[in-house]
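Coordinate analysis (summary)
Each chain is listed here by its residues.
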Amino acid sequence: MDGVIGEELFELLEILKDISPFLDRMDSVVWWRDVDGYSVKNCFKRLYSLKFPINIPNNKKLFELQRLWKALVPCKVKLFGWRFLLGALPTRQELGNRGITLSTSGLLCPLCGIEVETMEHLFLGCPKVKIIWMRVFRWLEVDFEARFSLITNVDNVSGEELLDFISGVLVREFNMGYFAFIWLLVCWCVWISRNNLVFNNVVWNELDIFSFITSLGWDWFSILAKGNDDLSKDIWLSKPSMYLDL
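Calculation rules
- Residues numbered from 1 in each chain as written.
- Predicted model: local features only at pLDDT ≥ 70, side-chain atom pairs only at ≥ 80, totals over all residues.
- Heavy atoms only, no water.
- Helix = DSSP H or I, 4+ residues; strand = E, 2+ residues; numbered from the N terminus.
- Buried < 20%, exposed > 50% of the residue type's maximum accessible area, 1.4 Å probe, protein only.
- Contact = heavy atoms within 4.5 Å.
- Areas by Shrake-Rupley, 256 points an atom, 1.4 Å probe, with all protein chains shown as cover.
- Disulfide = S-S within 2.5 Å.
- 1 Å grid on protein atoms, 1.4 Å probe; cavity = no way out; pocket = protein on both sides within 12 Å on 5 of 7 lines; lining within 4 Å.
- Points joined across faces, edges and corners; volume = space filled by probe spheres on them.
- Nonpolar A, V, L, I, M, F, W, Y, C, P; charged D, E, K, R; others polar.
- Patch = residues over 30% accessible without salt bridge, like charges linked within 9 Å, V, L, I, M, F, W, Y side chains within 5 Å.
- Salt bridge = Lys/Arg side-chain N within 4 Å of Asp/Glu carboxyl O.
- Arc of directions from axis to C-beta.
- Phe/Tyr/Trp six-rings, centres within 6.5 Å; stacked < 30°, edge-to-face > 60°.
- Expected span 1.5 Å × (residues − 1).

Here the focus is the overall build of the protein chain. The secondary structure content of the protein chain amounts to 13 helices and 0 strands. Secondary structure elements of the protein chain occur, N-terminal to C-terminal, as α-α-α-α-α-α-α-α-α-α-α-α-α. Put simply, the protein chain has 246 residues, and 39% of those count as buried. Across the protein chain, the fraction of contacts at a sequence separation of at least 24, relative to all contacts at a separation of at least 6, is 60%. Accessible area of the protein chain: about 14,600 Å², with a carbon and sulfur share of 57%.

Here it is, written out as structure tokens:
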């Protein structure tokens, strides 16, 4: 089973576990918030009326959410980024917080098996993911190691601070219009690879994941820049800054 599908199925089963269906009538589709039926407007109002633990996003989070929706990436990746920024990705710690029973060892990062799998650990603090970031920034011709060494406790870094760090690494290096493109590309590939490990027992291989990042990045970039005959995949793979520093 595909990692993403397996994750979504697990979440769906968790949502439905306390629901008792009627056995004496036919199923029908209803939208209980409005007698006139479903609309994006009343769905949006309903979502923002819920008492999420995250409460109202602060100015920094709102800024990143706005930048996220303008990013030139597929819609499903924007949804991933939205969950990332709101701390809603089903990491093992988050599943535990939702009341899903996991053993103590089950909370550990599936990559390193040392620390609890928080979002911050998975996307920056895990030593195996740090190797991915180092390869990516070397590819982007940015000194990642020097900047990373300034963080004293990675596992206490929030999701927003994680983006602040990446932004700090990239500032004055690239057109910041591509900032969301870069962090979404890397974090999405890390998440997909993590799920493939958890659900499909696919071996975690840093070289393969880095190749996945550069290849998928080319797919996104070349599609979004359609009509530009001057694009070269060889240049993208060897010197992406020629395209990102526009």
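On to the state of the cysteines. All told, the structure shown has 0 disulfides when counted by the stated rule. For Cys 112, which is in no disulfide, the shortest distance to another cysteine sulfur is to Cys 109 and amounts to 3.9 Å. No disulfide involves Cys 126; its sulfur sits 3.9 Å from that of Cys 109, the nearest cysteine.

In this section: unusual backbone geometry. The phi dihedral of Asn 201 falls on the positive side, at around 60°, and the residue is not glycine. With respect to the helices and strands, the residue Asn 201 is situated in the loop between helix H10 (179-200) and helix H11 (206-224). Judged by relative accessible area, Asn 201 falls into the exposed class, the value being 64%.

What follows deals with empty space enclosed by the protein. As enumerated under the stated definition, the model contains 1 cavity of 30 Å³ or more in all. As a volume, the largest cavity reaches approximately 50 Å³. Along the walls of the largest cavity sit Val 136, Trp 139, Leu 140, Phe 181, Ile 182, Leu 185, Val 186, Ile 213, Trp 236 and Leu 244, which together make up its complete lining. A per-element tally of the lining of the largest cavity places H10 first, with 4 residues. Of the residues belonging to the lining of the largest cavity, the class tally is 10 nonpolar, no polar and no charged.

A contiguous nonpolar surface patch, about 300 Å² in accessible area, is contributed by Trp 69, Leu 79 and Trp 82. Counting through the fold element by element, Leu 79 comes out in helix H4 (residues 75-85).

The next subject is the environment of Cys 187. Topologically, Cys 187 is positioned in helix H10. Residue Cys 187 is classed as buried on the basis of its relative accessible area, which comes to 1%. When the C-alpha positions of Cys 187 and Leu 122 are compared, they lie 9.3 Å apart, and in sequence the two are 65 residues distant.

Time to look at H4. Those residues of H4 that sit buried are Val 77, Lys 78, Phe 80, Gly 81, Phe 84 and Leu 85. With its buried residues spanning 155° around the axis, H4 presents them on a single face. Facing away from the buried surface of H4 by more than 90 degrees, the exposed residues are Cys 75 and Lys 76. Positive backbone phi, at 65°, marks Gly 87, one or two positions downstream of H4.

One pass over the structure, following the stated rule, counts 16 aromatic pairs. Between the aromatic rings of Phe 181 and Phe 221, the centroid separation amounts to 6.3 Å while the plane-to-plane angle is 80°, which identifies the pairing as edge-to-face. With a gap of 40 residues between them, Phe 181 in helix H10 and Phe 221 in helix H11 connect regions that are remote in the sequence. With respect to burial, Phe 181 and Phe 221 carry one shared label: buried. Plain terms: the ring middles of Phe 221 and Trp 236 are 5.2 Å apart, the flat faces sit at 20° to each other, and that makes the pair stacked.

An α-helical turn contains 3.6 residues, so any two residues separated by three or four positions project in the same direction. Its 22 residues give H10 an end-to-end C-alpha distance of 31 Å, which sits within 8% of 32 Å, the value for a rise of 1.5 Å per residue. By the criterion of burial, H10 is predominantly enclosed, with 18 of the 22 residues buried.

Function cannot be inferred from these measures alone, as they are strictly geometric.
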